[in-house]
Amino acid sequence: MWYLTEERELMRNVAREFVEQEVKPVALELDKKDEFPLRLLKRAGELGFLGITFPEEYGGLGGDWTTLALVTEEISKVSPTLAVVMGAHSVLAGGILNVLGSHEQKLKYLAPAAKGEIILAMAGTEAAGGANYGEFTTRAVLDGDEWVINGTKLFITNIHYADIYIVVAVTSPPDAPKAAHSLFLVPKDAPGLELGKPENKLGWNGSSTGTVYLRNVRVPKENMLGPEGKTMLPFYFSATDEFMICGPMALGMAEACYEKAFQYAHERMQGGKSMYDKYEVVRHKLVNMWIEIEALRGMVYTAIAKRDSGQMILGEGRALKIKGYRVAEYVANEAIQIHGGLGTIVDTGLERFWRDAKVLAIGGGSIEALTEDIANILKREARK
Ligand SMILES: Cc1cc2nc3c(=O)[nH]c(=O)nc-3n(C[C@H](O)[C@H](O)[C@H](O)COP(=O)(O)OP(=O)(O)OC[C@H]3O[C@@H](n4cnc5c(N)ncnc54)[C@H](O)[C@@H]3O)c2cc1C
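What counts, and where the lines are drawn
- Residues numbered from 1 in each chain as written.
- Predicted model: local features only at pLDDT ≥ 70, side-chain atom pairs only at ≥ 80, totals over all residues.
- Heavy atoms only, no water.
- Helix = DSSP H or I, 4+ residues; strand = E, 2+ residues; numbered from the N terminus.
- Rg over C-alpha atoms; globule rule 2.2 N^0.38 Å.
- Buried < 20%, exposed > 50% of the residue type's maximum accessible area, 1.4 Å probe, protein only.
- Areas by Shrake-Rupley, 256 points an atom, 1.4 Å probe, with all protein chains shown as cover.
- Lys, Arg positive; Asp, Glu negative; His and termini not counted.
- Charge placed at Lys NZ, Arg CZ, Asp CG, Glu CD.
- Salt bridge = Lys/Arg side-chain N within 4 Å of Asp/Glu carboxyl O.
- 1 Å grid on protein atoms, 1.4 Å probe; cavity = no way out; pocket = protein on both sides within 12 Å on 5 of 7 lines; lining within 4 Å.
- Points joined across faces, edges and corners; volume = space filled by probe spheres on them.

## Thoughts on the overall build of the chain
Secondary structure summary: the chain contains 11 helices and 10 strands in total. In summary, the chain has a C-alpha radius of gyration of 21 Å against a globular reference of 21 Å for 384 residues, a match within 12%. Oriented by its inertia axes, the alpha-carbon framework of the chain measures out at about 80 × 50 × 40 Å. Put simply, the chain has 384 residues, and 54% of those count as buried. A total accessible area of about 17,000 Å² is found for the chain, and carbon and sulfur atoms account for 54% of it. Averaging the coordinates of the 43 positive side-chain charges in the chain and doing the same for the 50 negative ones gives two points 4 Å apart.

Structure, rendered in structure tokens:
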């Protein structure tokens, strides 16, 4: 592959070994029990996977996004949930901390996060709608040397396991013509921070998603992350990385389903022939799955190579999540079909990829909201 270097391949091999020896034996059970993959997340930290793109000064590997994509792809072949939990920690919350954090904040929070010694969560979404920041009601008010935060956040990943919640709150006065948002680092034991029960979800089982209540939560002034009232633009840029990483995640999921279906179609015999040889419809399904996977692979590693070369990929990054979701859901669906009745059985290990693919269309940003974003980006670019 054109995007593989010796260094990247080495890291991918470490990921493959980790997946084979430590993730594979437990992935299905974790999904069935809806259990948070805490031990695996900690191991990912020990192996350096949680800080691949963070600077070495803050405990990271100082590596590139292609390397992170390769690791994400490998992990997603076996446990999309682990990839989600890692992404919420390192890319969503860790990403904005890396962009906006002061030197002190990065030493205190990013360095241990890079090693998995502490876990991060990003608390943005509210009842008003995940993409509807303009109507968020969580508010932070300065009282002496402390910010007092009140509000409720929904569907937050890594709850109950996170040590630090990065909370989005409005800091402009209630009568301001436009809400201005700020970010706060809120420790899990801050008085007034309460967590709901993890939701029983369609997919991403074990990723511990739920409600965060903030009732007169006080944090010192120095826990503000980034400039007051000016964090939405940097967050818009940084969130692109999260959407981008959904590409390799979806790619890994689709590859796993394709490989399982390809093998099954060759092993399953009917009338003395394998299904692959007997049924054109099965062969053609597999060919079309393969075509979609290779198209996604090209798109993923091209966009991420651009990101690594320092180019802005606001549109392409978002497109990776949309295309990734479509390919993963399509391939998982066809793989189940090729397996017939067996495809519907949980222990076959396919249906969870289908469920996880569906959640990819919503969790962390709906594909429709991202499509709308891309429409605006294309219009802006056409004007240049
Ligand atoms: C499993 C899971 C994990 C999550 N983890 C996190 C997390 O860690 N942190 C966090 O902050 N949030 C998280 N979320 C929240 C997630 O980002 C939101 O669910 C998502 O942005 C959609 O927002 P909503 O649920 O409020 O749906 P709504 O805003 O009510 O949207 C419903 C539907 O309306 C359409 N729609 C909404 N807005 C637009 C728009 N602007 N343009 C076009 N169509 C639109 C879409 O079809 C969308 O699916 C998670 C969600 C899930 C399901």
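## Regarding the environment of Leu120
Note on placement: Leu120 falls in strand 1 (residues 120-123). Taking the C-alpha atoms as reference points, Leu120 and Ile159, separated by 39 residues in sequence, lie 9.0 Å from one another.

## Thoughts on the pattern of salt bridges
What the rule picks out here adds up to 25 salt bridges. The salt bridge involving Asp64 is made with Arg8; its shortest N-O contact spans 2.7 Å. One end of the pair, Asp64, is in the loop between helix 2 (38-46) and helix 3 (65-76); the other, Arg8, is in helix 1 (residues 6-33), and 56 residues separate them in sequence. Arg8 sits in the buried class, given a relative accessible area of 16%. The partner of Lys32 in a salt bridge is Glu29, with the nearest N and O atoms 3.5 Å apart.

## So, empty space enclosed by the protein
Summed over the entire model, instances satisfying the criterion amount to three cavities of 30 Å³ or more. For the largest cavity, the calculated volume is near 80 Å³. What lines the largest cavity is Phe49, Leu68, Thr72, Ala83, Met86, Gly87, Ser90, Val91 and Ile245. The set of elements that each furnish at least two residues to the lining of the largest cavity consists of helix 3 and helix 4 (80-100).

Keep in mind these values describe shape, not function.
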